[in-house]
Structure formats: C-alpha cells, structure tokens
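The chain contents come next:
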Amino acid sequence: MAELKSCPYCHKQAVFIGVHDDEGNYHGRIGCDYENDAWSGLCYALHHEGWGECILCTDGEEQTMGGVLFDTIDEAVDEWNGTPQKEG
Ligand SMILES: [Zn+2]
C-alpha cells in the first residue's frame, strides 16, 4: 500500500485510512476482519489521530476527515497525497 504523507499542519504521521461500510460506519483499519467480509458494502475514508491537537484532528477514531468516503484505498491515498486522479 502507498504511504500517506504526514499531516501538513502538525507534521505527524497521524493520518490513516479506515474501513467503512456503504453507510459510512467505521469498522477498523485496513486489514480488519470487516474488510475481508464486507457484508454491507466497502468504502474507505481518511482519518487523523488525536483529539484537538491539530486542526485536522477528528473527535475519535470513527470520525472521517471531511466525512468523505472513497471507493478504493488508492483514491483515498491519492486525495491525501495530492496525486491527480487517473482518467477512467
Ligand atoms: Zn495534523
């Protein structure tokens, strides 16, 4: 899996990708049991560890940054790292 850039605000390696179902419910990190048995759909989202130390911090592990869900890990990584999306 591609590496995520560190946070531009707090400069920590605090950003990770969480596994969600189609309704946005958080199930764990990449490689969790739900990802292998995604009975209610599979989406990914960016998270930022921590509570209030950085402006990008989320309230908890289950909260996504910006509330945005991605179809694939690559899309989430590209969005964070700023890589242009491939056509098609
Ligand atoms: Zn940060």
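It should be noted that the structure appears before, not after, this text.
Read on for a plain summary of the structure.

Basis of the calculations
- Residues numbered from 1 in each chain as written.
- Predicted model: local features only at pLDDT ≥ 70, side-chain atom pairs only at ≥ 80, totals over all residues.
- Heavy atoms only, no water.
- Salt bridge = Lys/Arg side-chain N within 4 Å of Asp/Glu carboxyl O.
- Helix = DSSP H or I, 4+ residues; strand = E, 2+ residues; numbered from the N terminus.
- Buried < 20%, exposed > 50% of the residue type's maximum accessible area, 1.4 Å probe, protein only.
- Pairing = 2+ DSSP bridges.
- Axes fitted to C-alpha atoms, helices over the stretch in contact; angles between N-to-C directions.
- Contact = heavy atoms within 4.5 Å.
- Donors = N, O, S within 2.8 Å, 3.2 Å for Na, K, Ca; no water.
- Tetrahedral: all angles 85-135°; square planar, octahedral: opposite > 155°, others 65-115°.

## A short note on the pattern of salt bridges
Here is step 1: Under the criterion given, the structure shown has 2 salt bridges.
Here is step 2: Salt-bridge contacts for E53 lead to K12; the nearest nitrogen and oxygen are separated by 3.0 Å. Of this pair, E53 sits in the loop between β3 (43–48) and α2 (73–81) while K12 sits in the segment before β1 (15–20), and the two are 41 residues apart along the sequence.
Here is step 3: Notably, a salt bridge pairs E49 with R29, separated by 3.0 Å at the nearest N-O pair. You can see E49 sitting in the loop between β3 and α2 and its partner R29 sitting in strand β2 (residues 26–29), a full 20 residues away along the chain.
Here is step 4: Take R29: its relative accessible area is 34%, and that puts it in the partly exposed class.

## Here's the deal with the pairing of β3
Here is step 1: Along β3, 6 of the 6 residues are buried, which leaves the element largely enclosed by surrounding structure.
Here is step 2: Residues C43, A45 and H47 point to one face of β3 and Y44, L46 and H48 to the other, with burial holding for every one of them.
Here is step 3: As defined by bridge partners, β1 adjoins β3 across 6 bridges and the pair is classed as antiparallel. The partner of V15 across the bridge, within β3, is H48.

## Details of the sheet that holds β2
Here is step 1: Judged by pairing direction, the sheet is antiparallel, and its 3 strands sit side by side in the order β2-β1-β3 without closing on themselves. With partners counted over all chains shown, the strands left at the sheet margins are β2 and β3, one partner each. Sheet twist, expressed as the mean angle between neighbouring strand axes with direction ignored, is 40 degrees.
Here is step 2: This element, α2, spans β1 and β3 of the sheet and lies at about 150 degrees to β1.

## Structural notes on the coordination of the zinc ion
Here is step 1: Around the zinc ion, the protein contributes the donor atoms C7 (SG), C10 (SG), H48 (NE2) and C54 (SG), at 2.1 to 2.4 Å from the metal centre.
Here is step 2: Taken together, the 4 donor atoms surrounding the zinc ion define angles of 108 to 114 degrees at the centre, an arrangement classified as tetrahedral.
Here is step 3: Here the donor residues of the zinc ion are spaced in sequence according to C-x2-C-x37-H-x5-C. The residues H48 and C54 share a single accessibility class, namely buried.

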